[in-house]
Amino acid sequence: MKKVLKLCLFTALVLSLNLHLSWGDQQKQPLQYRQEPAPVTTHQVKGHVYEAKGGSGANCGFFIGEEEVLVIDAKMNAESAKQMIAEIKKLTPHPLKYVIITHSDGDHVNGLVGFPEGITVVAHHEARKDMDQAFQEPDQRAFLPQLTFSEKLKFYLGNKVVKLFHFGPAHTSGDVVVYFPEEKVAFLGDLLFLGRDPLVHRHKKGCSFGLVKTLKKVLKLDAETFVHGHGNLASRSDIEDLIKSLEDKQAKIKALIEEEKSLDEIKQAFGVEDRPAQPGRRRWLSLVEVIYLELTEKK
Ligand SMILES: [Zn+2]
């Protein structure tokens, strides 16, 4: 029992480390610290919608249409992407036609290089801008999104409809929600984290108030099951809980700012301990600091 708990804690630690390191950072880690990822496994979420967990990178998903497959996110390296594709091939002979990118973080997009040539990569136009900067190698540039959109996009796969939405800046400025109306399933990328503060990437123009708005719009979809990048399937009440905790935090921080508390005092009030940035790396801002900055910056 103890062993299991330790293993869980270790996995959680590795997972949180993974979330905070870019792909480049991970490559720089000494070999002995690199974790051997669990093999990619797939499971049916509902109807034609599946989730692919394991491997390097975030949870991905796919939809098996009548003639083709639509994939959601791409894992973090070619090897894990290929493993995922091999698992998909066990379930269907249909070719992979589209990959929808939920946002531009490396653990969701760097595996694109493992996909078959000729696949159509779809993203929000802001996510494509980030990828355009990050993808410098010719093999990566071949997988820059060929199709982008701003607010919504509908796919028809035979008789099935898949809807994409962008509800404004949230985790990043280019988040996409992938909604399957028939199955009442939505993929949220990193718009949702369970059991920890959500990440808001200010360097990608993410916004905590935008995240609340986006999550409220997600709840307006007729969806019951939510797949997200780094945890188990979520329900509507998980989203409601996250909205509440974000709004509580925003209100408390606003009140402390009105009492003229400094950022350091506010961090202390929330028990936030900053990890200093490692040389050459970006300092990761806590949610408390992100909210403080959003509330105090000049509009
Ligand atoms: Zn992310």
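In this text the structure is predicted, and so the values were computed from the model without any measurement.

Each value, and the rule that gives it
- Residues numbered from 1 in each chain as written.
- Predicted model: local features only at pLDDT ≥ 70, side-chain atom pairs only at ≥ 80, totals over all residues.
- Helix = DSSP H or I, 4+ residues; strand = E, 2+ residues; numbered from the N terminus.
- Contact = placed C-beta atoms within 7 Å.
- Core = buried A, V, L, I, M, F, W, Y, C linked by C-beta atoms within 7 Å.
- Buried ≥ 20, exposed ≤ 12 C-beta atoms within 10 Å, placed from the backbone.
- Pairing = 2+ DSSP bridges.
- pLDDT = per-residue confidence, 0-100.
- Axes fitted to C-alpha atoms, helices over the stretch in contact; angles between N-to-C directions.
- Parallel < 35°, antiparallel > 145°, perpendicular 65-115°, else oblique.
- Left-handed = near helix turned anticlockwise from the far one by under 90°.
- Nonpolar A, V, L, I, M, F, W, Y, C, P; charged D, E, K, R; others polar.
- Expected span 1.5 Å × (residues − 1).

### Overview of the overall build of the protein
Part 1 of the reasoning: For the protein, the helix and strand inventory stands at ten helices and twelve strands.
Part 2 of the reasoning: Sequence separation of at least 24 residues holds for 63% of the intrachain contacts in the protein that already meet a minimum separation of 6.

### A closer look at the nonpolar core
Part 1 of the reasoning: Among the nonpolar cores identified, the biggest contains 67 residues, and Val99, Ile100, Val178 and Ala186 are the most heavily contacted of them.
Part 2 of the reasoning: When residues in this core are grouped by element, the largest group, five residues, is from helix α10 (residues 287-296).
Part 3 of the reasoning: Those residues in contact with Val178 that lie beyond four places of it in its chain are Ile72, Ile100, Thr102, Val162, Leu164, Ala186 and Phe187.

### Topic: the pairing of strand β3 (residues 60-64)
Consecutive side chains of a regular strand alternate in pointing toward one face of the sheet and then the other.
Part 1 of the reasoning: By the criterion of burial, β3 is predominantly enclosed, with four of the five residues buried.
Part 2 of the reasoning: Pairing analysis gives four bridges linking strand β2 (residues 49-53) to β3, with the strands arranged antiparallel. Pairing of Tyr50 across the sheet is with Phe62, part of β3.
Part 3 of the reasoning: Remark: six residues form the turn of the hairpin made by β2 and β3, two consecutive strands paired antiparallel; Gly54 in that turn has positive phi of roughly 85°.
Part 4 of the reasoning: Relative to strand β4 (residues 69-72), β3 runs antiparallel, the two being bridged by four bridges. Its bridge partner being in β4, Gly61 is matched across the sheet by Ile72.
Part 5 of the reasoning: Linkage of β3 to β4, two consecutive antiparallel strands, is achieved through a turn of four residues.

### Some remarks on the confidence of the model for the protein
Part 1 of the reasoning: Per-residue confidence for the protein averages 89 on the pLDDT scale, and 88% of its residues sit at or above 70.
Part 2 of the reasoning: Every residue in residues 1-29 scores below 50 in pLDDT, and together they form 13 contacts with partners more than four places removed in sequence or on other chains.

### A few points about the sheet that holds strand β10 (residues 177-180)
Within a sheet, each strand pairs with its neighbour through backbone hydrogen bonds, oriented either parallel or antiparallel.
Part 1 of the reasoning: Across the sheet, five strands lie side by side as β8-β9-β10-β11-β12; this open sheet has mixed pairing. Edge positions in the sheet fall to β8 (152-157) and β12 (225-227), since each of these pairs with one other strand and no more. Between one strand axis and the next, the sheet turns by 20° as a mean value, whatever way the strands run.
Part 2 of the reasoning: Pairing of β10 with strand β11 (residues 185-187) involves three bridges; the strand directions are antiparallel. Its bridge partner lying in β11, Val178 is registered against Phe187.

### Points about the sheet that holds strand β7 (residues 147-149)
Part 1 of the reasoning: The seven strands are arranged β1-β2-β3-β4-β5-β6-β7 in an open sheet whose pairing can be described as mixed. Among the strands making up the open sheet, the edge pair consists of β1 (41-46) and β7. In this sheet, adjacent strand axes meet at a mean angle of 25° when their direction is disregarded.
Part 2 of the reasoning: Seen against the sheet, helix α5 (residues 125-134) touches β6 (120-124) and β7 and runs at an angle of roughly 110° to β6.

### What about the packing of helix α7 (residues 208-220) against helix α8 (residues 236-258)?
Part 1 of the reasoning: The N-to-C vectors of α7 and α8 enclose an angle of 155°; their axes lie 10 Å apart at closest approach. Relative to α8, the element α7 is oriented roughly antiparallel. Judged by the sense of rotation from one axis to the other, the crossing of α7 with α8 is left-handed. Contacts between α7 and α8 involve Ser208, Phe209, Leu211, Val212, Leu215, Lys216, Val218 and Leu219 on the former and, on the latter, Arg236, Ile239, Leu242, Ile243, Leu246, Glu247 and Gln250.
Part 2 of the reasoning: Class assignment for the residues of the contact of α7 with α8 results in ten nonpolar, two polar and three charged.

### Here's the deal with the pairing of strand β5 (residues 96-100)
Part 1 of the reasoning: Relative to β5, β4 runs parallel, the two being bridged by four bridges. If you follow Val71 over to β5, its bridge partner there is Val99.

### Thoughts on α5
Part 1 of the reasoning: Residues Glu126, Ala127, Arg128, Asp130 and Met131 constitute the buried set of α5.
Part 2 of the reasoning: Its buried side turned inward, α5 meets α4 (106-109), β6 and β7.

### Some details on the environment of Glu79
Part 1 of the reasoning: As for its placement among the helices and strands, Glu79 is situated in helix α3 (residues 78-91).
Part 2 of the reasoning: Between the alpha carbons of Glu79 and Val113 there is a distance of 9.2 Å; along the sequence they are 34 residues apart.

### Considering α8
Part 1 of the reasoning: In this model α8 runs 33 Å from its N-terminal to its C-terminal C-alpha over 23 residues, within 8% of the 33 Å that 1.5 Å per residue would give.
Part 2 of the reasoning: For α8, the secondary structure elements touched by its buried residues are α7, β12, α9 (263-269) and α10.
Part 3 of the reasoning: Positive backbone phi, approximately 65°, marks Glu260, located one or two places after α8.

### What to know about unusual backbone geometry
Part 1 of the reasoning: Positioned with a positive phi, Lys205 is a non-glycine residue whose angle comes to about 60°.
Part 2 of the reasoning: Among the secondary structure elements, Lys205 is positioned in the loop between β11 and α7.

### A word on the environment of Gly65
Part 1 of the reasoning: Mapped onto the elements of the fold, Gly65 is located in the loop between β3 and β4.
Part 2 of the reasoning: Separated by 92 residues in sequence, Gly65 and Leu157 have C-alpha atoms that sit 5.8 Å apart.
Part 3 of the reasoning: Once residues within four sequence positions are removed from consideration, Gly65 is found in contact with Leu70, His94, Leu157, Gly158 and Lys160.

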